[in-house]
Amino acid sequence: MKKIYYIRTILFLFIIVSPIITMNLKANQVSDIDNRKLTEISEVFSGESITENIENYLKDRIGFRTEMVNLYTKGMNTLFDEMIHPSYQFGKNSYIFPKLKENDLNKKFQEIYSDFIINFQHYCTNRGIKFLYATEPSKTTVYSEFLPDGYNYNTENLDYFLSLLKDKKVNYIYTGDALIEAKSSNQVFDKKYDANHWNETGAIIGISAILDRLNDLDSRVGKLDKDRFEAVEYTNTTLPVSHFDIHEKTMHYNLKKNNSVSINDFRNEIKQSKQFAYYANYENHNNEYAPKILIFAGSYFEGRDKFYTESFSEVIRIHNYHNVIDYDYYINIFNPDIVLFESTEYTHSDYYFPVEKMKNTIYNKEIKNYSDLKEKNFAHIKDDILKKSNSSLTNFSIPIEGKKAYCAYADISNRVLDCRLNEINGKQKVEFSIKTSEIENLNEFNLYLISEDESEITKVPCKLK
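Predicted model only: the values in this text are computed from it and were never measured.

With respect to the overall build of the protein
Moving on, step 1. From N to C terminus, the protein includes 11 helices and 22 strands.
Moving on, step 2. Looking at the protein as a whole, 49% of its 465 residues are labelled buried.
Moving on, step 3. Within the protein, contacts between residues at least 6 apart in sequence are counted, and of these 69% link residues at least 24 apart.
Moving on, step 4. When the accessible surface of the protein is totalled, it reaches about 24800 Å², and 49% of it is carbon and sulfur.

Let's talk about the nonpolar core
Moving on, step 1. In terms of nonpolar packing, the biggest core is built from 42 residues, with Phe116, Ile117, Phe120, Ile270, Phe296 and Phe341 touching the most fellow members.
Moving on, step 2. At the level of elements, α5 (107–125), β5 (130–136), α7 (156–167), β11 (292–297), β12 (314–319), α10 (327–334), β13 (338–344) and α11 (355–360) are the ones that each hand at least two residues to this core.
Moving on, step 3. The greatest single-element share of this core, amounting to nine residues, is contributed by α5.
Moving on, step 4. Residues within four places of phenylalanine 341 in sequence aside, it is in contact with Tyr113, Phe116, Ile117, Phe120, Phe131, Leu132, Tyr133, Ala134, Phe296, Asn320, Val324 and Phe353.
Moving on, step 5. With 41 residues, the next largest nonpolar core counts Leu147, Ala182, Ala203 and Phe307 among its residues.

Points about the pattern of salt bridges
Moving on, step 1. Scanning the entire structure with this criterion turns up 19 salt bridges.
Moving on, step 2. For the salt bridge of aspartate 218 with arginine 220, the shortest nitrogen-to-oxygen distance reads 2.8 Å.
Moving on, step 3. Among the residues examined, arginine 220 registers a relative accessible area of 42% and is labelled partly exposed.
Moving on, step 4. Via salt bridges that share partners, Glu200, Arg304 and Lys306 belong to a single interconnected network.

Digging into helix α9 (residues 200–217)
Side chains that are three or four residues apart share a direction in an α-helix, a result of its 3.6 residues per turn.
Moving on, step 1. Its 18 residues give α9 an end-to-end C-alpha distance of 25 Å, which sits within 8% of 26 Å, the value for a rise of 1.5 Å per residue.
Moving on, step 2. The N-terminus of α9 is capped by asparagine 199, whose side-chain oxygen sits 3.2 Å from the backbone nitrogen of threonine 201.

Notes on α10
Moving on, step 1. For α10, the tally of buried residues reaches eight of eight residues, placing the bulk of the element in the interior.
Moving on, step 2. Where α10 is concerned, the buried positions are Tyr327, Asp328, Tyr329, Tyr330, Ile331, Asn332, Ile333 and Phe334.
Moving on, step 3. Following α10 by one or two positions, asparagine 335 has its phi on the positive side, about 45°.

A look at a negative patch on the surface
Moving on, step 1. A contiguous patch of negative charge on the surface is contributed by Glu102, Asp104, Glu156 and Asp159.
Moving on, step 2. As for its position among the elements, aspartate 159 is in helix α7.
Moving on, step 3. In this structure aspartate 159 comes out as partly exposed when scored by relative accessible area, which is 44%.

Focus: the sheet that holds β12
Sheet strands pair via backbone hydrogen bonds, and the direction of the pair is either parallel or antiparallel.
Moving on, step 1. Spatially, β6-β5-β13-β11-β12-β10-β9 is the arrangement adopted by the seven strands of the open sheet, whose pairing is mixed. Edge strands, defined here as strands with exactly one partner in the open sheet, are β6 (172–174) and β9 (260–262). Taken over all neighbouring pairs, the strand axes of this sheet differ in orientation by 20° on average, direction set aside.
Moving on, step 2. Pairing of β11 with β12 involves six bridges; the strand directions are parallel. Counted as the bridge partner of leucine 294 is isoleucine 316 from β12.
Moving on, step 3. Strand contacts of α7: β5 and β6, with the helix running at about 155° to β6, the strand carrying the most contacts.
Moving on, step 4. α10 contacts β10 (279–284), β11, β12 and β13 of the sheet and is inclined by roughly 155° relative to β11.

Points about the environment of serine 138
Moving on, step 1. Position of serine 138 among the secondary structure elements: in the loop between β5 and α6 (139–142).
Moving on, step 2. Taking the relative accessible area as the measure of exposure, serine 138 reaches 7% and is therefore buried.
Moving on, step 3. Contact partners of serine 138, with chain neighbours within four places excluded, come to Tyr153, Phe189, Tyr300, Glu345 and Tyr346.

Concerning the packing of α5 against α7
Moving on, step 1. Across the interface, α5 lies against α7 with an axial gap of 9 Å and an inter-helix angle of 35°. With respect to the hand of their crossing, α5 and α7 are arranged in right-handed fashion. Residue-level inspection shows Lys107, Gln110, Glu111, Tyr113, Ser114 and Ile117 of α5 in contact with α7, the latter providing Asn157, Tyr160, Phe161, Leu164 and Leu165.
Moving on, step 2. Tallied by class, residues from the contact of α5 with α7 come to six nonpolar, three polar and two charged.

What counts and how
- Within each chain, residue numbers correspond to sequence positions counted from 1 in written order.
- The model is predicted, so local features are restricted to residues of pLDDT at least 70 and side-chain atom pairs to those at 80 or more, both for listing and for counting; the totals for chains, interfaces and linings are taken over all residues.
- Hydrogen atoms and water are omitted, and side-chain values are computed over all heavy atoms in the structure.
- Helix and strand definitions here come from DSSP, where helices need a minimum of 4 consecutive H or I residues and strands a minimum of 2 consecutive E residues; each element is numbered from the N-terminal end.
- We call a residue buried when its accessible area falls under 20% of the maximum for its residue type, exposed when it is over 50%, and partly exposed in between, using a 1.4 Å probe and counting protein chains only.
- Between two residues, a contact is recorded if the distance between any of their heavy atoms is within 4.5 Å.
- Under the convention used here, a 1.4 Å probe and the Shrake-Rupley method define accessible areas, while residue burial counts only the protein chains that appear.
- As used here, the term nonpolar core means buried Ala, Val, Leu, Ile, Met, Phe, Trp, Tyr and Cys residues forming a set that is joined through side-chain atoms within 4.5 Å.
- What makes a salt bridge here is a side-chain nitrogen of Lys or Arg within 4 Å of a carboxyl oxygen of Asp or Glu, nothing more.
- Between the first and last residue of a helix there are one fewer steps than residues, each counted as 1.5 Å, and that sum is the expected span.
- What qualifies as a polar contact is a pair of N or O atoms within 3.5 Å, subject to a donor-acceptor requirement within protein and to the restriction that residues adjacent in sequence count only when both atoms come from side chains.
- Patch definition: residues above 30% relative accessible area lacking any salt bridge, with like charges linked at up to 9 Å and the nonpolar side chains Val, Leu, Ile, Met, Phe, Trp and Tyr linked at up to 5 Å.
- When charges are counted, Lys and Arg contribute as positive and Asp and Glu as negative, whereas His and the chain ends are disregarded.
- Lysine's charge is taken at NZ, arginine's at CZ, aspartate's at CG and glutamate's at CD.
- The pairing criterion is simple: DSSP has to find at least two bridges between the two strands.
- Think of each axis as a best-fit line through the C-alpha atoms, taken over the contacting stretch in the case of a helix, with angles from 0 to 180 degrees between the N-to-C directions.
- Put simply, a crossing is left-handed when the front helix is turned counterclockwise from the back one by less than a right angle, and right-handed when it is turned clockwise.
- Under the scheme applied, nonpolar residues are Ala, Val, Leu, Ile, Met, Phe, Trp, Tyr, Cys and Pro; charged residues are Asp, Glu, Lys and Arg; polar residues are all the others, including Gly.

Shown next, in the form of structure tokens:
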């Protein structure tokens with residue numbers, strides 16, 4: 001009996017201690033069931049509640065967490081037909097939605113975000129670039145009738161945001177109108193598979209509406225032709241970033257003939273957020289007279305390139321979160337005819353579009369605003385011979401001496417690039433990036449510096465080797 005007692009005691013202690021011994025203490029860990037980074041030890045002593053931070057750290061890092069969550073989730077689903085999961089929950093009629101939370105009205109964010117968008121639009125149109133903003137609805141909005149009983153869902157944030165876009169005269173499209181109209185005859189979000197994104201049927205409807213609006217802006221933009229695609233039935237067996245088993249059929253659409261070629265020249269060179277670093281670039285030599293488009297888009301557009309690449313001569317897609325704030329940098333590099341900025345209803349928050357950066361980032365006025373300034377040599381560069389890069393992208397960081405400048409421009413073969421001024425220890429540097437191929441046969445260019453009080457302009461000749 002004593003042996004059995006000792007064995008039980010040891011087994012009991014092992015069950016208690018093993019999750020602690022096997023805690024995941026590594027930095028920069030991502031949970032494949034939550035699709036988020038785990039709480040870091042550095043976050044424990046930041047914020048207001050250390051006790052709550054410690055609790056979150058232990059919950060995230062405890063050993064066998066994934067296995068325990070999966071076992072509990074499957075057990076609750078099998079025994080009680082309930083969804084207990086960190087990312088999902090059941091609605092009516094077997095619909096699965098993202099984990100529902102309070103949807104408090106945040107007017108301040110919507111106002112700052114809409115200001116950023118209209119300023120982005122003005123930046124583009126002042127430089128001869130056509131602009132369209134597109135926003136997508138959440139599954140929760142499109143299929144709100146299937147939300148669980150007791151959840152009071154509202155679209156106050158979206159409604160207020162759309163009213164601001166209209167009042168500020170943003171050129172925008174809300175694809176929710178097309179999706180809600182189509183849902184009576186099409187399943188535009190899968191009932192179960194993806195709680196956060198439209199399915200390929202919904203993507204065709206939403207992207208088709210966007211292309212129609214872009215065609216209104218530029219008739220060279222091709223509309224989406226569904227006859228170019230072959231419909232194929234596909235079965236999803238688990239929820240995204242989850243081990244939750246399902247068996248649900250959906251439709252995928254494959255291009256019968258893909259005329260686009262993927263370009264990887266800049267993938268490892270362009271500046272992007274480390275957290276949101278998706279990039280795609282396609283050239284379509286069968287449609288070379290169509291416009292070039294630069295797209296800032298989120299996960300609704302990932303894996304959906306096939307629905308719009310045939311409509312343009314070239315497509316460049318940058319992940320919108322954080323990166324869109326540096327739109328002048330990307331416009332310098334890719335020199336697009338059209339810019340499409342897309343975001344989804346539930347991403348309209350400081351986490352994805354940082355408020356302070358949207359408010360405080362300074363963008364150049366169009367250089368024509370300074371056409372009447374006095375020319376004066378208030379600043380210069382010490383070394384006027386600059387080197388081209390051996391890679392696909394040349395990044396210039398040019399120290400300037402003399403008086404401080406308010407802003408700067410680079411005239412590259414009569415194409416004016418907006419530069420950023422970076423100041424370190426009281427010294428300014430003019431910074432910009434350009435495709436090396438654009439300056440391959442160029443021996444010189446001019447910098448233009450605008451004085452701090454915007455009353456003077458200095459022309460600074462630069463040589464290239």
